[in-house]
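This is what each chain is made of:
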Amino acid sequence: MSIESFANQHVLELVAYQPGKPIEETARELGLDPHDIVKLASNENPLGPSPKAVEAVARAAAGVNIYPDGAAFRLRSAIAEFCGVEFDQTVVGTGSSEVIELMCHALLNPQAEVVAARHAFSMYPVMSQLFGSTYVEVPNKPDWTHDLNGFLDAVTDRTRIIFITNPTNPVGTVVTQQEIDEFMDKVPEHVLVCFDEAYREFSDNPPDTLKFVREGRNVIVLRTFSKAYGLAGLRVGYGVAPEHVTGMLHKARAPFNLHVLAQEAALAALADAEHVRRTVENNAAGMRFYEDAFREMGLEWIPSQGNFILVKVGQGRKVFDDMLARGVIVRAQDGYGLPEWIRISIGTPAENARCLEVLREVL
Ligand SMILES: *Cc1c(COP(=O)(O)O)cnc(C)c1O
């Protein structure tokens, strides 16, 4: 009898998360120097980490013989101050992905349902399936934004989590404060509403969702150090929620989930507002560059408030492969139900120029 025969069927059936293709792997396959590869596939910070975070990691390295502070006291205190909430209203994770996993641990089972937008972050369905739950997708409105009334219509007695991604990935659109307020007036109390704000820093006038935390509603706001803060490789994210929610998540997490270097780097990065400002500025310029180019090339794109842009290229998988063969890694979108599109993360001016040159070649 094989051990797999005892495994949970929903785990065996799971299609694992497909990350962006790594630089090293691509360089090996193409026989190129890793420095000649341009990776614009995972919405990472093209300017690198904050220099202050790098210094903090170097300083902390000599202390890694000691277990980290399991309560992440200093980091969570800084996050609480940054967000204007209480210490007990915070939880940190190895990326906000871990916080999503903790929410699933606490709330999901094979009877539960999860509601999210069609073409949303693929960790949501992966996690829902890992816990055997039903994943319900709500089609976007014609302008590619979340249809929050459609979300409400999709709620049943079994719904446990709703994901509102703002700005949403891979599409890049946003929902407004008014839409969110109207939604929160109507959403039933048995559902945890998750505002995933991984790209908040890049958007204009991001809505206030922390007010729902202060009001004690069933909400959690997720943020990450992986994107604007440039720490994707260290894996740090956080959730802000009322204490009755964070309490469940703290029970579900491993005692030392965030390692020493991650805690120190995140603390330094949070204090380096200047690095975030430069990152957002570079992003805005890169976005204009791509939009101008796509307009000139007659390509359709979706206006994005994130650090990435979806562009319609026909056979997305083929364009991805052809660009990859020339050393530029973008993201094919067939796995997201968008086979005619590719997603390009905004890079440095030089990376953007190279990406566009290669895109023109392969089209
Ligand atoms: C990148 C991303 C995250 C954050 O991932 P981490 O685990 O924090 O690296 C969360 N949500 C969305 C929609 C994302 O695109």
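Since the structure is predicted, the reported quantities are computational estimates derived from the model, not experimental observations.

(A) View of the pairing of strand 5 (residues 159-165). Counting buried residues in strand 5 gives six out of seven residues, a clear majority hidden from the surface. In this structure, strand 3 (residues 113-117) lies alongside strand 5, joined through three bridges in parallel fashion. When the sheet's bridge partners are listed, Glu113 is paired in strand 5 with Thr159. As paired elements, strand 5 and strand 6 (residues 192-196) share five bridges and run parallel to each other. Considered in strand 6, the bridge of Ile161 is made with Leu192. Handedness of the crossover joining strand 5 and strand 6 through helix 8 (residues 177-186) is recorded here as right-handed.

(B) Summary view of the sheet that holds strand 10 (residues 308-312). Judged by pairing direction, the sheet is antiparallel, and its four strands sit side by side in the order 9-10-13-12 without closing on themselves. Looking at strand neighbours, the two that pair on one side only are strand 9 (301-302) and strand 12 (331-332), the edges of this open sheet. Here strand 9 pairs with strand 10 via two bridges, running antiparallel. Following the sheet pairing, Trp301 is matched in strand 10 by Val311.

(C) Layout of helix 3 (residues 51-61). Looking at helix 3, one finds that the buried residues are Ala53, Ala56 and Ala60. Mapping the buried residues of helix 3 onto a view down its axis gives an arc of 60°, with all of them on the same face. Away from the buried face of helix 3 by more than 90 degrees, exposed residues Ala58 and Arg59 are located. In this structure Ser50 caps helix 3, since a side-chain oxygen of it lies 3.1 Å from the backbone nitrogen of Lys52.

(D) Geometry of the domain arrangement of the protein. If you check the domain split of the protein, you get domain 1 (3-48 + 274-362) and domain 2 (51-272). Taken over C-alpha atoms, the centre of domain 1 sits 23 Å from the centre of domain 2. The interface is formed by 31 residues belonging to domain 1 together with 33 residues belonging to domain 2. Both sides together, the interface formed by domain 1 and domain 2 hides about 2,600 Å², and carbon and sulfur atoms give 63% of it. The largest contributions to the domain 1 side of the interface with domain 2 come from Tyr17, Gln305 and Tyr336, which together make up 25% of the buried area.

(E) Fine view of helix 8. Along helix 8, the residues classified as buried are Ile180, Phe183 and Met184. Looking straight down helix 8, one finds its buried side chains confined to an arc of 95°; they lie on one side. Across from the buried face of helix 8, at angles greater than 90 degrees, the exposed residues are Gln178, Asp185 and Lys186.

(F) Highlighting the packing of aromatic side chains. Evaluated as defined, the whole model comprises 13 aromatic pairs. Measuring from centroid to centroid gives 4.9 Å for Tyr199 and Phe308, while their planes differ by 75°, and the two rings are edge-to-face. With Tyr199 in the loop between strand 6 and helix 9 (210-214) and Phe308 in strand 10, this pair connects stretches of sequence that are 109 residues apart. Ring plane angle 50° and centroid distance 6.3 Å describe the contact between Phe294 and Trp301, whose orientation is recorded as tilted. Trp301 carries the same exposure label as Phe294, and that label is buried. One aromatic cluster in this structure is built from Tyr17, Phe121, Tyr124 and Phe163. Looking at Arg76, its charged tip hangs above the ring of Phe87, at a distance of 4.0 Å from the centre. Residue placement shows Arg343 over the ring face of Phe308; its charged tip is 5.7 Å from the ring centre.

Calculation notes
Residues numbered from 1 in each chain as written. Predicted model: local features only at pLDDT ≥ 70, side-chain atom pairs only at ≥ 80, totals over all residues. Heavy atoms only, no water. Buried < 20%, exposed > 50% of the residue type's maximum accessible area, 1.4 Å probe, protein only. Helix = DSSP H or I, 4+ residues; strand = E, 2+ residues; numbered from the N terminus. Pairing = 2+ DSSP bridges. Right-handed = clockwise from strand over helix to strand, strands pointing away. Arc of directions from axis to C-beta. Polar contact = N/O pair within 3.5 Å; in protein donor to acceptor, adjacent residues only side chain to side chain. Domains from an automatic or database assignment. Contact = heavy atoms within 4.5 Å. Buried area = accessible area lost by both parts, 1.4 Å probe. Phe/Tyr/Trp six-rings, centres within 6.5 Å; stacked < 30°, edge-to-face > 60°. Lys NZ or Arg CZ within 6 Å of the ring centre and 35° of its normal.

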